[in-house]
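# Coordinates in review
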Amino acid sequence: MKINSIYKEEKKSAFQKVSEVIITMASRPSGFIGLSILVFHIILAFVSPYIAPYDFKAINPTLMLQAPSAEYWFGTDDLGRDVFTRTILGGRTALTITFFGSLIALLWGGLLGIFCGLVGGKIDDIVMRIVDAFLSIPWILAMLLIVSLLGTSTEVLIPALGFFYGKGIVRVARAATHDVIAKDFIVSARARGHSNFSIIWNEIIPNVRDAILVEGAMRWSWMLLGFSSLSFLGFGVSPPTPDWGLMISNARGLMSFAYWAVIAPIVGLSSLIIGINLTADAFAKALGIDRSTKAPV
Amino acid sequence: MSDIIQKVKNLSIGFKSKKGEEILILKNISTKIKKGETVGIVGESGSGKSTLALAMMGYVKHGLYTIGGECEFNSSNLLNMKSKDLEKIRGRKIAMIPQNAGQALTPNLKIGYQIDEALQLHSDLSEKEREKKISELLNKVRLPSPETIALRYPHELSGGQQQRVAVAMALAGTPDLLLLDEPTTGLDVTTQAHVLELLNFIAKDTGTSMVYVSHDLGAIAQVSDRIIVMYSGEIVLEGPSRDILKRPIHPYTHGLLKSIPKLSLAGLPESMPGSQPQPGIIQSGCSFFDRCNFSEDKCKNTSPQLEFLKELNTSVRCFNYEKLLNESQVNQNVNKIKNNSNDKEILNLSEVSISYAKQKLLDQIFNRISDDNPTVQDININIKKGETIALVGESGSGKSTILKSIAGLLKTKDGLIRFDENRNLSSDLKERNPNDLRIIQLIFQNPDESLNPNHTVEEIIAQPLKLYFGLKGEELNKNIIDLLQKVRLGEFYMSRYPRQLSGGEKQRVAVARAFAAKPDIILCDEVTSALDVSVQAAVLNLLQQLKEDFGTTYIFVSHDLAVVRAISDRVAVLYQGRLCEVGPSNDVYKFPSHPYTEVLLGAVLEPDPDIKPKLVAEDIVEEKPPEKGCSFQGRCSRIVGDICKKDIPPWQLTDSGNAIRCHIPIKELQKEQL
Ligand SMILES: Nc1ncnc2c1ncn2[C@@H]1O[C@H](COP(=O)(O)OP(=O)(O)O)[C@@H](O)[C@H]1O
Ligand code: SF4
Ligand code: SF4
Ligand SMILES: [Mg+2]
């Protein structure tokens, strides 16, 4: 019998798959820009302590509110600190906290969503009601309550942010699981007698993983915005650690005469958010997931 | 005025691949549609038949674009027309009926309103006239009580009725050309025959030209005056319907007709090797070369051109059509299947009933099922080791439901499932031990759904081997390769994902996975219905071969009576979850028959212009089985009277051991209707 071979394609290693996705992402202009911005910020976060020209907490009353110059590229703030130094350092905390926060959101949101999609029925209903109830609480109020009770340490902020931003992931994971669960390959696995764990691990997760990861990436940028708002309100990073949210908050009164002290952190924060957003979009497109119908909350 | 209504000239349509290559879906198509003529376009999935039909109304699907050529309608090219002008033609001059009419109707608007909209859009009638016209149209498509249908919503109609409404809406603009894309695919056998008969009537009555697109030569044979056979984006054969079906002079059509199971033939038809090349595969010679039985060296490198044979009024794309010209008819050889069943019972269903009814709280607490009128009732079947028993019936007759319970996926309400004469199997998975689960395996209808898209072929086949036999490493590998060979797939398929396989190949992988468990019984749920006609016979042959090698028992569910005829030793006919007739295939397909079997047999569409379906009963759909009496009473045209409505009919045995459940005595059932 003649076998008509369609495509010859070899099985790829995980590394090959990941690099292929990244190449596809970078082949779109928006994806390329997003990835470049994100990579730039990540590298900056790693190297900034070594390349910062000045001490970020060195107060110098004689140098208050200097306009940008060859010496102080972004000028100085109201305490005479170098804005350039503080700007390149100002994303480190936010980036780290929200990165780990997103991982936590992914983990609990993904697992709970898969669980709900899998069991269905009453339990699913009840869990989703509870999740919805939480969704209806303004998150910022709840966050304020938590940090005022437990403090603003990293150990509090990461799980708290992770918790609040995981709700959306529950929904996505649940919907994706619902779609998969009706397929005959799941019925087939059940009929063979595979354990629930094996069905989740082998049959469901590979099919919902992409959707969950994309949602997680999206949540990261919103979490960054949320975290910076907390800092802005004084509940995030504590001074004198440099942080964009805090810097914007401190310098916003000086906007009319020392705009440089505000502009620099704003550019830092918004470019990172845009970068993550574009990357997440390109990520979704590279995986063939259509997110266009969903708007950020 | 010329009598040509649509002229397709050198039409090529394609798309750009990710790498920027131009990939052709239609390759230089030219054809003409005459006034009042019905042309059937037949081809397997991916052959470009729908793309061609859509182009005939000036529509090119998103992502595709016209590379060259034109579609001329009333001497203007539809493909470069402004959308405003096109709107005037679509619906009025050219109308389209899609495959899934239910989806094309707006769910929240009444049928009458939707037809009225179509009338307002496509005609200049006054409101009074339109009202009359709506009843007229609904009458024309033979809907019972048109007035009530007009007041219903789409979901309140059956699939066949929705399709009729779609026909009525298409006729609203009194079109000159009607395009139908797989209009009966997905409908039940009986409904399908009725809709085709209606289309024939409408073609004659209104003189509308029709283009009928289908993968099903049986349906095409019933309606077409002329047939166009497409393969891999090209027309390979075009000519008068009767000639094409009786004397196909292209090797593809010839092989196709040989491989379609027929009601009159017991046994498996010859299969055609391979599958249609995917679009974009660069081939120098004839696109059918890989699968052709008549090929020669020349075909490999030179593409044949479409040649018009005047004396036959036929166009053919083949160098060697003369070889086929001399074969006066398609000689269909079948391999008689060996009945290697022995008398040992392997599975016995006794008094099985299954209910989908939502259970009341009290019943839930006591873990019992109460339902006076369950979906499936009274199933008694004794299945012998090594036989193939088929369950047939229309959709919703409970075939899959019964399989689910046998597989342990759905709890029965009552009854026993006994394996190997002495072991009772629970219908609840949790109560089955691993060996109970291993001995029964399932193969599903659609391999796209039954194979995990994220697993390689290797991983898919490894699952049962690891689960049941704990195989690892070298031994696991050896077993996988062995199984792949058994389903005629090479070792290199191991690393492929389902999306890289053709439909037939995917189903082979599913078969390999089922056999990996070394089961005693395999449940086949419509395993060939999602496959292309040309690969169906190959999968059936494979299943038969494996069964002979391993002594497996098949429970084979299908709505296709010709396929069932080809592969099964015994047949059980189901209506509304109740058995009507059980017996050896040879007898079930002969008179005397249960009235329902008669309906089913009469509705089978054969690719032969001389065999017309017999429409014995109405094609209404019943939602629920009747509470009392015979399950078929609602549609039976032989109904004897009150006794059918009151008493469950008795089983009667024919001389050959065929059991029929009807109040009419066997002697009288012997007489054929019509
Ligand atoms: N999950 C379900 N819930 C409720 N009713 C169902 C379900 N599945 C099937 N049914 C009903 O049971 C009947 C038999 O269905 P099925 O066994 O799928 O028939 P077949 O396989 O013969 O087409 C139909 O009336 C169908 O509507
Ligand atoms: S041209 Fe050759 S390969 Fe093609 S169909 Fe004819 S005989 Fe077969
Ligand atoms: S018992 Fe009556 S209703 Fe049922 S099939 Fe026989 S004649 Fe028809
Ligand atoms: Mg079914």
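Note that this is a predicted model, so its numbers are computed, not measured.

Residues and elements named next belong to chain B. Across the five residues that make up strand β17 (residues 388-392), a large majority, five, are buried. Residue alternation in β17 divides its side chains into two sets, Thr388, Ala390 and Val392 and Ile389 and Leu391, and both sets are buried. Looking at chain direction, β17 and strand β22 (residues 553-558) are connected through five bridges and run parallel. Bridge pairing links Ala390 to Phe556 in β22. Looking at chain direction, β17 and strand β23 (residues 570-575) are connected through four bridges and run parallel. Of the residues in β23, the one forming a bridge with Val392 is Val573.

The next thing to look at is the site of ligand 1. All names here are of chain B. Taken together, Tyr356, Thr375, Glu394, Ser395, Gly396, Ser397, Gly398, Lys399, Ser400 and Thr401 are the residues near ligand 1. Within the contact set of ligand 1, a nitrogen atom lies 3.2 Å away from a side-chain nitrogen or oxygen of Tyr356. Notes on ligand 1: free accessible area 560 Å², of which the protein chains cover 59%. Tallied by class, residues from the shell around ligand 1 come to one nonpolar, seven polar and two charged.

Moving on, we come to the pairing of strand β18 (residues 414-419) of chain B. All names here are of chain B. Where strand β15 (residues 345-354) and β18 come together, five bridges link them in antiparallel fashion. Along β18, the bridge assignment pairs Leu347 with Phe419. The pairing of β18 with strand β19 (residues 423-425) spans three bridges and is classified as antiparallel. Paired with Arg418 across the two strands is Asn424, which belongs to β19.

Before going further, it helps to spend a moment on the sheet that holds strand β5 (residues 76-77) of chain B. Residue and element names in this part refer to chain B. The four strands are arranged β2-β1-β4-β5 in an open sheet whose pairing can be described as antiparallel. Whereas interior strands pair on both sides, the edge strands pair on one side only; in this sheet they are β2 (22-34) and β5. Taken together, the two bridges between strand β4 (residues 65-73) and β5 define a ladder with antiparallel strand orientation. Its bridge partner lying in β5, Phe73 is registered against Ser76.

Lining the immediate environment of ligand 3, one finds 13 residues, of which Cys630(B), Cys636(B), Cys644(B), Cys662(B) and His663(B) sit closest. Among the residues forming the shell around ligand 3, the class breakdown is nine nonpolar, three polar and one charged.

Each value, and the rule that gives it
Residues numbered from 1 in each chain as written. Chains lettered and ligands numbered in written order. Predicted model: local features only at pLDDT ≥ 70, side-chain atom pairs only at ≥ 80, totals over all residues. Heavy atoms only, no water. Buried < 20%, exposed > 50% of the residue type's maximum accessible area, 1.4 Å probe, protein only. Helix = DSSP H or I, 4+ residues; strand = E, 2+ residues; numbered from the N terminus. Pairing = 2+ DSSP bridges. Near = heavy atom within 4 Å. Polar contact = N/O pair within 3.5 Å; in protein donor to acceptor, adjacent residues only side chain to side chain. Areas by Shrake-Rupley, 256 points an atom, 1.4 Å probe, with all protein chains shown as cover. Nonpolar A, V, L, I, M, F, W, Y, C, P; charged D, E, K, R; others polar.

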